[in-house]
Amino acid sequence: MREATRERFDVAVVGGRVAGSSAAAHLARAGLSVLLLERADSPGEILSTHTMQDLDCLDRLGVLERVLATGPPPMPRSTLWMDDCDLSVGHPEQPWLSVRRATLDGLLLETARRAGAEVRLGCKVTGLLRDGRDERVHGLRYTGPDGREVTVSSRLVVGADGRSSTVAKLTGARKYHQSWNERGAVWRYFEGLPAPPEFFFCRRGDDLLLAAPCDRGRVLLAVQPAVEDASRYRADGEIERTFRRAARPWGRDGHEWSDLLAHAEPDGAARMVLRYACFFRESAGPGWVLLGDAGHVKDVVTGQGICDAMRHAERLTARVMPAWRSDRALDAATRTWWHARDRDAAPMYWLSQDMGRAGVSPALFGSFFQRIAASERRKLRLQEVLGRRYPVRRFIAPYRFAAAIAARLRSGAAPAGATLREAGALVRTEALRRWAAVRPHYEQGGARPAQRDGPRAGQRGSPRVRQREGRRGDTEPGREERARPGERRPARTGGDGGGSRAAVPAAGKTTAQKGGGDGDDRGADPYRAARTGGVRAHRAAGPASPVAEGSDE
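Quick look at the structure, then. (Residues numbered from 1 in each chain as written. Predicted model: local features only at pLDDT ≥ 70, side-chain atom pairs only at ≥ 80, totals over all residues. Heavy atoms only, no water.)

Focus on the overall build of the chain
Inclusion rule: Here a strand is any run of E in DSSP of at least two residues, a helix any run of H or I of at least four, and the numbering for each starts at the N terminus. Think of it in three bands: with a 1.4 Å probe and only protein chains considered, a residue is buried below 20% of the maximum accessible area for its type, exposed above 50%, and partly exposed in between. Residue contacts follow a heavy-atom distance rule, with two residues in contact if any of their heavy atoms lie within 4.5 Å. For the area figures, the Shrake-Rupley method with a 1.4 Å probe applies, and any residue is considered shielded solely by the protein chains shown.
Regarding its fold elements, the chain presents 14 helices and 23 strands. Taken across its 553 residues, the chain has 59% of its residues classed as buried. Nonlocal contacts in the chain, meaning residues at least 24 apart in sequence, comprise 75% of its contacts between residues at least 6 apart. In the form shown here, the chain has an accessible surface area of approximately 21,800 Å², with 48% of it arising from carbon and sulfur atoms.

Examining the pattern of salt bridges
Heads up, the rule is: Whenever a carboxyl oxygen of Asp or Glu lies within 4 Å of a side-chain nitrogen of Lys or Arg, that contact is scored as a salt bridge.
Across all of its chains, the model carries 36 salt bridges by this definition. Between Arg 174 and Glu 282 there is a salt bridge, with the nearest N and O atoms lying 3.1 Å from each other. Placement of the pair is Arg 174 in the loop between α5 (166-171) and β14 (175-180) and Glu 282 in the loop between β20 (277-281) and β21 (284-285), with a sequence separation of 108 residues. The class of Arg 174 is buried, set by a relative accessible area of 10%. Through salt bridges with shared partners, a single ionic network connects Lys 298, Asp 308, Arg 311, Arg 315, Asp 344 and Arg 388.

Here we look at the packing of aromatic side chains
The relative placement of two aromatic rings is captured by the distance of their centres and the angle of their planes. Heads up, the condition is: Pairing of aromatic rings covers Phe, Tyr and the six-membered ring of Trp, with a centre-to-centre limit of 6.5 Å; geometry is then stacked below 30 degrees between planes, edge-to-face above 60, and tilted otherwise.
In this structure the tally under the stated criterion is 13 aromatic pairs. For the ring pair Phe 200 and Phe 243, a centre distance of 6.4 Å and an interplane angle of 40 degrees mean the geometry is tilted. In this pair, Phe 200 sits in strand β16 (residues 199-204) while Phe 243 sits in helix α6 (residues 238-246), placing the two residues 43 residues apart along the sequence. Look at Phe 200 and you get buried, because its relative accessible area is 0%.

Points about the environment of Leu 140
Considering the arrangement of structural elements, one finds Leu 140 in strand β11 (residues 137-143). For the pair Leu 140 and Val 125, spaced 15 residues apart in sequence, the C-alpha to C-alpha distance is 7.2 Å. With residues up to four places along the chain from it excluded, the contact list for Leu 140 reads Ala 12, Val 14, Leu 37, Gly 127, Leu 128, Leu 129, Val 150, Thr 151, Val 152 and Val 157.

Shown next, in the form of structure tokens:
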């Protein structure tokens with residue numbers, strides 16, 4: 001190994017995917033010296049639905065023009081089917097995009113470089129530098145592609161290195177709100193498929209399917225069967241057969257899948273993911289912060305990861321820049337950002353968990369979506385929720401389910417007892433999730449010597465849990481030991497209600513402003529990038545959304 005060298009940067013970002021590249025670009029433009037380290041030699045394909053519902057994030061980052069140049073058609077309409085409920089709706093003022101990750105990540109990495117960040121590929125982080133007095137992180141060590149060890153001093157280390165984050169392991173950041181996916185994912189790209197410029201999502205019985213036209217003329221087809229059934233979908237032609245058998249028509253003109261797939265050719269082999277953990281992690285401490293999948297992973301069914309990562313990177317910059325005057329102020333700012341991140345992400349986390357459950361949708365879910373399908377305004381609201389322009393908590397509201405329960409009882413479609421038991425399960429799940437926000441259920445171990453501040457400062461984690469090793473060393477949630485005498489057992493976060501509705505596990509006000517999401521973290525900050533009011537000429541022409549004003553009823 002060659003002789004070690006020392007360098008100095010204001011910020012060291014570990015991970016050069018969406019979260020890391022976005023953070024590096026924003027921080028560099030704010031005037032900081034930024035080092036961006038990526039372990040891979042070049043961006044490649046990874047697990048991702050690669051759907052983006054908020055193109056303003058790309059616009060503010062300054063990469064939208066180059067993303068559109070790769071050929072993904074803007075999708076100003078979504079075809080959404082929940083069993084027999086047609087939730088399809090146009091949203092021309094907020095079109096979606098689908099861009100494969102190898103394409104998108106390469107463009108974002110180049111954007112960080114153009115913004116002034118020092119980008120280095122093929123670099124493996126081997127350790128963190130700590131202050132011997134207070135254990136504050138003040139840099140890192142890494143090994144470059146030539147085997148040379150480099151020591152980097154920095155005021156802040158940003159771990160954006162994915163769900164198996166090295167920075168998270170080195171800091172001992174614990175997980176909480178853990179759950180496991182109930183559906184796997186098998187996907188494949190196709191050429192020559194005459195797909196309409198619309199996003200497609202269909203849940204029919206136990207089948208869950210999605211499709212989207214992507215960059216460079218490719219179309220993504222994906223199925224999400226129960227985990228135990230996923231392997232058989234890798235067989236040649238199985239994805240196509242499933243779409244022909246189970247998928248509703250695609251597009252405003254009702255394109256049948258037998259016609260769409262008649263001349264389509266697969267581009268490469270089918271890819272598959274089975275079991276993965278969903279979680280939050282402690283995401284800030286003295287001198288460090290976790291961003292993107294390093295700090296939070298949700299079920300992929302709602303496709304929120306990319307926009308979440310870009311939005312949270314932008315808000316992190318807005319928080320840390322005014323606090324750069326001192327280490328104490330900086331650490332307080334990153335903790336505040338972490339708590340705001342949880343308020344923003346938790347409602348969609350629970351919604352994703354519920355939508356990704358295996359099996360047939362619960363009856364009350366069917367009644368709930370029937371009410372949405374009956375109103376164009378409610379369908380538009382659903383699009384606003386998925387685009388993070390309207391809070392999940394306000395849309396998935398108790399009064400909506402109360403109305404669905406009342407309608408089901410009046411119709412006599414099911415015995416009153418069964419309906420009330422299902423309603424009771426929803427209430428219990430809501431209560432468990434709210435309690436979990438107050439008393440997070442942390443995984444066993446992972447303690448670090450520095451002080452820790454959870455989502456509710458000053459509160460401790462859970463009793464000891466029995467370790468059960470899953471993929472990548474994750475602890476399986478929900479398997480607790482019996483509480484010791486006098487010891488309180490925190491509630492599990494998953495609930496027992498089967499397909500329960502999304503609950504908001506964090507207190508605090510929400511906002512319905514554009515781009516706000518739940519628990520919006522915006523403020524009058526000179527370092528925050530100004531909003532541009534959409535994607536300008538790249539948005540399809542159309543009237544403003546009628547949901548922008550007034551009641552959604």
